[in-house]
Amino acid sequence: MHYTKQDIIHFVEEEDVEFIRLQFTDMFGNFKNMAVTTSQLEKVLGNECVFNGSAIEGFMSMQEPDIYLYPDLDTFEIFPWRPQQGKVARFICDLYRADGTPFWGDSRHILRKVLQQAGELGYRIKAGPECEFFLFDLSQDGSATTQTKEKGGFFDIGPVDSGENARREMVMTLEEMGFEIEASYHANAPAQHEIDFRHAGALATADNLMTFRMVVRTIARRHGLHATFMPKPKSGVEGSGMHLNFSLHDTGGINLLSDPKEEDGISEVGKYFVAGILEHIGAITAITNPLVNSYKRLVPGYGAPVYIAWSAAANRTALVRTGLKNGRVNRIELRCPDPCANPYLALAVCIAAGMDGIISKLQPPKSVDGNIFEMAQSERDGLGIKNLPKDLFSALEALEQDGLLREVLGEELMGNYLAQKREEWKEYRMSVSAWEVAQYIDRF
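What comes next is a walk through the structure. (Residues numbered from 1 in each chain as written. Predicted model: local features only at pLDDT ≥ 70, side-chain atom pairs only at ≥ 80, totals over all residues. Heavy atoms only, no water.)

Here the focus is the overall build of the protein. Each helix and strand counted, the protein has 12 helices and 16 strands in total. Taking 2.2 N^0.38 as the reference for a compact globule, 444 residues should give roughly 22 Å; the C-alpha atoms of the protein span a radius of gyration of 22 Å, in line with that estimate. Evaluated residue by residue, the protein yields a buried proportion of 52% over its 444 residues. Within the protein, residue pairs in contact and separated by at least 24 positions form 70% of the contacts whose partners lie at least 6 positions apart. (Helix = DSSP H or I, 4+ residues; strand = E, 2+ residues; numbered from the N terminus. Rg over C-alpha atoms; globule rule 2.2 N^0.38 Å. Buried < 20%, exposed > 50% of the residue type's maximum accessible area, 1.4 Å probe, protein only. Contact = heavy atoms within 4.5 Å.)

Have a look at this one:
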């Protein structure tokens, strides 16, 4: 829905909105915001709200100028969980410099630029996420834990699924905010859940993912639970993923992924797109799997992809898969991303890689339809199947060497991202884990 300034003024008056949150996303995918009262609405709508960019980790140094918040009027939402008198609303904002140019650290702008480039080539791209998370107990002092009393598994219901009521309220809240929820259910591990919402344009999907994470965390607290999107919060159970599904259409809305004349049903353009993702996947994982912890999910034995391969037969052991539905290929699914990724950057690098495949007419390797997890290493070697990066360090090395992703992210953001994430890796390498203490303290 498209809103004008007059529409916003009318909504604020009619709905008794008292506070407005100006939200934006930092480099690492965290929602930030500045709150103002509606007495400042004219200033908000005039793009006059400013903040000190050096206060945001990874953005800029102290000598850089301030950053201006430009609200996207179409993202105006009233928070359903806030008071009915003196309501709280929000805008998602773009970030600009004082001279009116986009700020290099604005990941929303980076995604918009990638989509504009794809549009100039005649492609319209939609995306749909499948996002998992855990609902854990809170400690007596209200802090987060990884404890749960439930024993639920895939598709279980209450009372085994003790998070059912919280999940239902999350779904109702999201729908009240305009989401179309396609499914919600208990996932594989105890206390693990999934809520899937309808695909949309890639920019809207990234906005929706940021809103989704905020809603899930907020409603969980109302039920005395802590929601975490950490990829692998507990050993010995499945981690949380965020599979990303992409569809390609032309300007007239024609599906460009499907070709019934092909034996596997996927078009030449679709195969180019797959090949582009596979070509750049090492670097992509530094963005789609951005934590040290991310790579403890990407290990054999827990369902997450480990090997770089694709399947046209909906093979769940493949990193990328397509598959026919009603005789058509409607989407390309990438299965490695996790839900703590910055969704704007994750979608931007995936789409840019896919478009590079189309522009360069890259050919993917042969589709792998067998169970890759159960293959002997010699069989995987014979098929040319390589591993995803096994840790954050390896992914960052691949990112630094990838010219396409450097161009997409820009030199400033790329440099800051690499520096911050390498510091994270350094701190991890220097820390002593509880496992190490338990293994060695008595024996050595």
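Here we come to the packing of aromatic side chains. Counted according to the given criterion, the structure contains 22 aromatic pairs. For the pair phenylalanine 179 and phenylalanine 197, a centre-to-centre distance of 5.2 Å together with 85° between the ring planes defines the contact as edge-to-face. Placement of phenylalanine 179 in the loop between helix H4 (164-176) and strand E7 (181-186) and of phenylalanine 197 in strand E8 (residues 192-197) is noted, with a sequence separation of 18 residues between them. Every member of this aromatic cluster is reached through a ring pair, and the members are Phe133, Phe179, Phe197, Phe212 and Phe229. Residue placement shows lysine 232 over the ring face of tyrosine 302; its charged tip is 3.8 Å from the ring centre. (Phe/Tyr/Trp six-rings, centres within 6.5 Å; stacked < 30°, edge-to-face > 60°. Lys NZ or Arg CZ within 6 Å of the ring centre and 35° of its normal.)

This part is about the nonpolar core. Counting 120 residues, the largest nonpolar core has Phe91, Phe212, Ile351 and Leu399 as its most contacted members. Here this core gets 12 residues from one element, more than from any other, and that element is helix H7 (residues 343-360). (Core = buried A, V, L, I, M, F, W, Y, C linked by side-chain atoms within 4.5 Å.)

Before going further, it helps to spend a moment on H7. At 3.6 residues per turn, the α-helix brings residues three or four places apart onto the same side. The end-to-end C-alpha distance of H7, which contains 18 residues, comes to 25 Å, matching closely the 26 Å that a straight helix rising 1.5 Å per residue would cover. Across the 18 residues of H7, 15 count as buried, placing the element largely inside the fold. The backbone nitrogen of tyrosine 344 lies 3.0 Å from a side-chain oxygen of the residue at the head of H7, namely asparagine 342. Following H7 by one or two positions, lysine 361 adopts a phi angle in the positive range, close to 55°. (Expected span 1.5 Å × (residues − 1). Polar contact = N/O pair within 3.5 Å; in protein donor to acceptor, adjacent residues only side chain to side chain.)

The subject of this paragraph is the side chain of asparagine 245. Considering the arrangement of structural elements, one finds asparagine 245 in strand E11 (residues 242-249). For asparagine 245, the side chain forms a polar contact with the side chain of glutamate 130, separated by 2.9 Å. Apart from residues no more than four positions distant in its own chain, asparagine 245 is found in contact with Lys126, Ala127, Gly128, Glu130, Arg331, Ile332 and Glu333.

It is the contact of helix H3 (residues 107-120) with H7, at a shortest axis distance of 8 Å, that shows an interaxial angle of 25°. On the basis of their axis angle, the class for H3 and H7 is roughly parallel. Of the two elements, H3 crosses H7, and the hand of that crossing is left-handed. Listed contacts from H7 to Ser107, Arg108, Ile110, Leu111, Val114, Leu115 and Ala118 of H3 are Tyr344, Leu345, Leu347, Ala348, Ile351, Ala352 and Met355. (Axes fitted to C-alpha atoms, helices over the stretch in contact; angles between N-to-C directions. Parallel < 35°, antiparallel > 145°, perpendicular 65-115°, else oblique. Left-handed = near helix turned anticlockwise from the far one by under 90°.)

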